[in-house]
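What the coordinates show
In case you want the letters, here they are:
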Amino acid sequence: MHEPFAAVDVIRAKRDGGALTPEQIDWVVDAYTRGVVSEEQMAALAMAVFLRGMDTAETARWTGAMIDSGERLALHVSRPTVDKHSTGGVGDKITLPLAPLVATCGAAVPQLSGRGLGHTGGTLDKLESIPGWRAQLSAHAIGRQLEEIGAVVCAATDTLAPADRKLYALRDVTSTVESVPLIASSIMSKKIAEGAGGLVLDVKVGSGAFMGSLDEARVLAKTLVDIGTAHGLPTRALLTDMSTPLGAAVGNAVEVAEAVDVLRGGGPDDVVALTLALAREMLALAGHGDVDPGPVLASGEAYETWCRMISAQGGDPDAPLPKPEHVHVVEAPESGVLTTLDARAVGVAAWRLGAGRARKEDPVQAAAGVRCLAKPGERVEAGSPLLELHTDTPDAVPSALAALDGGIEVSDSAPERAPWPSTTVLDTVRS
Ligand code: URA
């Protein structure tokens, strides 16, 4: 096949700070997927993009080229479809109550999810702690479940944006993950290819997130929303706090148990508040802005949808969830107000206890994780239980404790406050 460009010219153009043409972008992404542009060449281009950036038009085109590297999922569903994506946080189990809630309120939610890598957990890993539950579904089964139940959470098919899969693995080993245009095009290529009619993004801000500051997170949110707009996908982003874990549970089975509490009308206030905030945005995009998800969640109606959604994928919603073989209690070091419970520290601790994986092929422990027994702003007494560390491998406890070092602060002078949920949603970006 005659190649219209040479990779070195494309790399040089970006290295020297120029904008790539639409034709160059289409070609380089396609040629990389075909193996004509080598890993070394794409690594150099990814680093040039990391250092020089891409403008809005380039980023939207790059996203389109990654979508075109695979197939779009054709959803034939009678209700409006709308999806949510989170940039990843600690204790972020929101998809679990959110998808059945929005389905109960009249929209359909196709959620193609991933597994966790690093200190933020993956939705599929969490759901796989439910006995019998299957992540892998055919495109036909996804369509049928969406039509019948209105919610499906499953693994992305191999044909969805394959260029992104290849490029993400390369970015992971070349220190080019943390680039706004590369993160945004990666996320949006998969979400646009999934074919939902609207998209709500939960862009996390704080120590447990990609973006540490509100300003950085705003840039990412705007880039994501701009890509959606350029591709005709109505998109909104909420900027939400990730300085401390969401809810009390961090891990796999523990997070499922907390999500079930929320679906039964209980659960921690911050999880309920964020679930409802995202549900309102999703319902507005789906044309159901007049439905109030609050009473639906409180009534336990969405729990019925959850049970159907889990059963449809082979899971037993009534089966007991796996329990850890070992529980280690971390006590409050002194009496006072808990001022810091750092999201990253708790996320890394849960990961080291076995809830997450270091390499893609590693297994995860269903029962591993952390339960936070107090939230920042609450008063604690010296020696009272602050955290429970759950694991099947007690040898992991010392390294989990090391991860928590410096992540917990108690002050005897700080005022007590009711911290949640008023600060959870920090800002909103709309197209
Ligand atoms: N999630 C993605 O899907 N891609 C990125 O680049 C970062 C987070």
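The rules behind these values
Residues numbered from 1 in each chain as written. Predicted model: local features only at pLDDT ≥ 70, side-chain atom pairs only at ≥ 80, totals over all residues. Heavy atoms only, no water. Near = heavy atom within 4 Å. Polar contact = N/O pair within 3.5 Å; in protein donor to acceptor, adjacent residues only side chain to side chain. Areas by Shrake-Rupley, 256 points an atom, 1.4 Å probe, with all protein chains shown as cover. Helix = DSSP H or I, 4+ residues; strand = E, 2+ residues; numbered from the N terminus. 1 Å grid on protein atoms, 1.4 Å probe; cavity = no way out; pocket = protein on both sides within 12 Å on 5 of 7 lines; lining within 4 Å. Points joined across faces, edges and corners; volume = space filled by probe spheres on them. Core = buried A, V, L, I, M, F, W, Y, C linked by side-chain atoms within 4.5 Å. Buried < 20%, exposed > 50% of the residue type's maximum accessible area, 1.4 Å probe, protein only. Domains from an automatic or database assignment. Contact = heavy atoms within 4.5 Å. Axes fitted to C-alpha atoms, helices over the stretch in contact; angles between N-to-C directions. Parallel < 35°, antiparallel > 145°, perpendicular 65-115°, else oblique. Left-handed = near helix turned anticlockwise from the far one by under 90°. Nonpolar A, V, L, I, M, F, W, Y, C, P; charged D, E, K, R; others polar. Pairing = 2+ DSSP bridges. Disulfide = S-S within 2.5 Å. Buried area = accessible area lost by both parts, 1.4 Å probe. Salt bridge = Lys/Arg side-chain N within 4 Å of Asp/Glu carboxyl O.

Next up on the list: the site of the ligand. Near the ligand the following residues occur: Tyr168, Arg171, Ile183, Ser186, Ile187, Lys190 and Phe210. Contact distances for the ligand include 2.5 Å between an oxygen atom and a side-chain N or O atom of Lys190. Expressed as a share of its isolated accessible area of 230 Å², the protein-covered part of the ligand is 87%. Elements supplying a minimum of two residues to the shell around the ligand: helix H8 (162–172) and helix H9 (180–194).

Turning our eyes to something else, we now look at the layout of surface pockets. The space that makes up the second largest pocket amounts to roughly 210 Å³. What lines the second largest pocket is a set of 13 residues, and nearest its centre among them are Ala257, Val260, Pro317, Ala319 and Leu321. Elements with a minimum of two residues in the lining of the second largest pocket: helix H11 (253–263) and helix H14 (301–312).

Core analysis: the biggest nonpolar cluster contains 75 residues, and Val102, Trp306, Val370, Leu387 and Leu389 have the highest contact counts within it. When we break this core down by domain, the ones giving at least three residues each are domain 2 (83–318 + 426–430) and domain 3 (326–411). Apart from the residues within four sequence positions on either side, Val370 is in contact with Ala248, Ala249, Val250, Val254, Val346, Ala349, Ala350, Leu353, Leu387, Glu388 and Leu389. Formed by 34 residues, the second largest nonpolar core is a distinct cluster that contains Ala141, Met188, Ala193 and Ala237.

With that settled, consider the packing of helix H1 (residues 7–15) against helix H3 (residues 39–52). The contact between H1 and H3 brings their axes to 8 Å, and the two run at 15 degrees. Judged by the angle between their axes, H1 and H3 are roughly parallel. Viewed along their axes, H1 and H3 form a crossing whose handedness is left-handed. Residues Ala7, Val10, Ile11, Lys14 and Arg15 of H1 form the contact with H3, whose own contacting residues are Gln41, Ala44, Leu45, Ala48, Val49 and Arg52. Among the residues making up the contact of H1 with H3, the classes are represented as 7 nonpolar, 1 polar and 3 charged.

This brings us to the sheet that holds strand S11 (residues 385–391). Pairing between sheet strands relies on hydrogen bonds along the backbone, with the strands arranged either parallel or antiparallel. Read across the open sheet, the 4 strands follow the order S6-S9-S11-S7; overall the sheet is antiparallel. Taken across any chain shown, the strands that pair with only one partner, and hence form the sheet edges, are strand S6 (249–251) and strand S7 (326–331). Recorded for the sheet is a direction-independent mean angle of 15 degrees between the axes of neighbouring strands. Sheet analysis places strand S9 (residues 369–372) next to S11, joined by 4 bridges and oriented antiparallel. Bridging from a neighbouring strand, Gly369 pairs with His390 of S11. Together, S6, S9 and S11 form the strand contacts of helix H15 (residues 343–355), whose direction differs from that of S9 by roughly 135 degrees. Most of the contacts of helix H16 (residues 397–404) go to S11, to which it runs at about 140 degrees, and overall it touches S7 and S11.

For the rest of this paragraph, the subject is empty space enclosed by the protein. Across all of its chains, the model carries 1 cavity of 30 Å³ or more by this definition. One number sums up the size of the largest cavity: a volume of about 100 Å³. Lining the largest cavity are 16 residues, and of these His119, Thr120, Gly121, Val250 and Ala355 sit closest to its centre. For the lining of the largest cavity, the secondary structure elements donating two or more residues are S6 and H15.

Bringing the sheet that holds strand S4 (residues 199–205) into the picture now. Pairing within the open sheet is mixed, and its 4 strands lie in the order S1-S4-S5-S13. Both outer strands of the open sheet, strand S1 (83–86) and strand S13 (425–430), are each paired with one neighbouring strand and no more. Going across the sheet, the axis of each strand differs from the next one's by a mean of 20 degrees, ignoring polarity. Pairing analysis gives 5 bridges linking strand S5 (residues 235–241) to S13, with the strands arranged antiparallel. Residue pairing in the sheet places Ala237 in a bridge with Val429 of S13. Along the sheet face, helix H12 (residues 269–285) touches S1, S4, S5 and S13 and points at about 150 degrees away from the line of S4.

A few words now on the state of the cysteines. Going through the model one piece at a time under the given rule, you end up with 0 disulfides. Cys105 carries a free sulfur, and the closest cysteine sulfur to it, the one in Cys307, is 16 Å from it.

Moving on to the environment of Thr176. Following the sequence through the fold, Thr176 ends up in the loop between H8 and H9. Under the relative-accessibility criterion, Thr176 is labelled buried at 0%. Those residues within four positions of Thr176 in sequence are excluded, and the remaining contacts are Ala46, Met47, Phe50, Arg171 and Leu182. Among the polar contacts made by the side chain of Thr176, one reaches the side chain of Thr174 at a distance of 2.9 Å.

A common way to state how big an interface is: give the accessible area lost once the parts meet. Along its sequence, the chain is organised into domain 1 (7–53), domain 2 (83–318 + 426–430) and domain 3 (326–411). On a C-alpha basis, the centres of domain 2 and domain 3 stand 24 Å from each other. Across the contact, 26 residues belong to domain 2 and 25 residues belong to domain 3. Counting the surface lost from both domain 2 and domain 3, the interface buries some 1,800 Å², and carbon and sulfur atoms represent 54% of this. For domain 2, the biggest contributors to the area lost against domain 3 are His119, Ala248 and Val250; these three give 25% of the whole. Where domain 2 packs against domain 3, one counts 2 salt bridges. One salt bridge in this structure joins Arg357 and Asp125, with 2.9 Å as the shortest N-O distance. Our count for the contact surface shared by domain 2 and domain 3 stands at 13 residue pairs in polar contact (both at pLDDT 80 or more). Among the elements of the structure, S6 and H11 are those that each provide at least two residues to the side of domain 2 that touches domain 3.

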